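The residues making up each chain are set out below.
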Amino acid sequence: MIDSSNRLMVLNHPLVAHKMAHLRDASTKPTEFRQLVRELAAIETYEALRDARVEEVTVRTPLADASCARIPADSITVVPILRAGLGMLEGALDMVPSALVGHVGMERDEETHEAHPYYAKLPSRIVDGTALLVDPMLATGGSAIAALQYLRDAGVRDVRFLVLVAAPEGVRAVLDADPDVRIWTCALDDGLNENAYILPGLGDAGDRIFGTL
Ligand code: PRP
Ligand code: URA
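Residues numbered from 1 in each chain as written. Chains lettered and ligands numbered in written order. Predicted model: local features only at pLDDT ≥ 70, side-chain atom pairs only at ≥ 80, totals over all residues.

**Some remarks on the UniProt feature "binding site: uracil" (unreviewed entry) in the protein chain**
Okay, step 1: When the UniProt feature table is mapped onto this chain numbering, "binding site: uracil" (unreviewed entry) sits at Ile 198, Gly 203, Asp 204 and Ala 205.
Okay, step 2: With respect to the element layout, Ala 205 can be found in helix H6 (residues 205–210).
Okay, step 3: Residue class for Ala 205 comes out buried when judged on the 25 C-beta atoms lying within 10 Å of it.
Okay, step 4: Once residues lying within four places of it in the same chain are set aside, the contact partners of Ala 205 are Ala 84, Pro 136 and Met 137. (UniProt positions renumbered as here; feature names shortened; annotations may be inferred. Helix = DSSP H or I, 4+ residues; strand = E, 2+ residues; numbered from the N terminus. Buried ≥ 20, exposed ≤ 12 C-beta atoms within 10 Å, placed from the backbone. Contact = placed C-beta atoms within 7 Å.)

The following block contains the structure:
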């Protein structure tokens, strides 16, 4: 069992499956690949904010007062893990245009597969709200664990990690390393190959988003 604590959510929806089929296809070009990553990120953001904090407000319609709810200003921060996470940023912002944005740069050493931070900048209000950490790929979990540790050290308590493709090894490593994080993924794949790439996966997400093949 990967997740005995119900902290892994695998999206199960025909639209997600349809878009994932195009995303995985090796013949999909960067323009379409980017668009699919953006759309899937929007759907995932919608799911991950199901229990987001809201405040009661009264809105005057053309006819009467209406009791409504809205997401408090500055309560959501999207944090893409550079570089491939940038592909998911616009999709998350499509759902929450008022969100703040932080950045965490993690690079995997292709030999050791270890992740090293090379850049980070967070808005100060992030600590009071919800952080959506976004990265299309969760392989060994090294990048995610390092990014999560950075957020925890910065004082962020509510972190929701959104990925498109996850390997069981990475999911287990992240859930073990961080007892509070929850993970949303569009697909849970079979495992990793000898180069720590996800199988069947979709290849190198950053290269496919930015055309650096
Ligand atoms: C990819 C991906 C994740 C990481 C996943 O980034 O976007 O950040 O690998 O692998 P892991 O779970 O084993 O750490 P990469 O390091 O290739 O950098 P990029 O975003 O610049 O392409
Ligand atoms: N990073 C990617 O972009 N793809 C993988 O399969 C593993 C890590």
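**What to know about the confidence of the model for the protein chain**
Okay, step 1: Looking at the protein chain, pLDDT values average 96 and 100% of them are 70 or higher.
Okay, step 2: Two numbers describe this predicted complex: its pTM, 0.96, and its ipTM, 0.98. (pLDDT = per-residue confidence, 0-100.)

**Some points on the UniProt feature "binding site: 5-phospho-alpha-D-ribose 1-diphosphate" (unreviewed entry) in the protein chain**
Okay, step 1: Sites flagged by UniProt as "binding site: 5-phospho-alpha-D-ribose 1-diphosphate" (unreviewed entry) map to Arg 83, Arg 108, Asp 135, Pro 136, Met 137, Leu 138, Ala 139, Thr 140, Gly 141, Gly 142, Ser 143 and Asp 204.
Okay, step 2: Turning to its location among the elements, Met 137 is positioned in strand S9 (residues 137–138).
Okay, step 3: Among the structural elements, Gly 142 can be located in helix H4 (residues 142–153).
Okay, step 4: We classify Gly 142 as buried; it has 22 C-beta atoms within 10 Å.
Okay, step 5: Not counting chain neighbours up to four residues away, the residues in contact with Gly 142 comprise Arg 108, His 113, Glu 114 and Ala 115.

**What about helix H5 (residues 168–177)?**
Okay, step 1: Within the sequence span of H5, burial applies to Gly 170, Val 171, Val 174 and Leu 175. Buried residues of H5, seen end-on, are gathered within an arc of 125 degrees and therefore sit on one face of the element.
Okay, step 2: Buried positions along H5 lie against strand S1 (8–10), S9, H4, strand S10 (158–166) and strand S11 (182–188). (Arc of directions from axis to C-beta.)

**Comments concerning the site of ligand 1**
Okay, step 1: Among the 23 residues in the neighbourhood of ligand 1, the closest are listed as Arg 83, Ala 84, Thr 140, Ser 143 and Gly 206.
Okay, step 2: Elements that contribute at least two residues to the shell around ligand 1 include exactly strand S6 (103–108), S9, H4 and H6.
Okay, step 3: Its residues placed into classes, the shell around ligand 1 shows eleven nonpolar, seven polar and five charged. (Near = placed C-beta within 6 Å. Nonpolar A, V, L, I, M, F, W, Y, C, P; charged D, E, K, R; others polar.)

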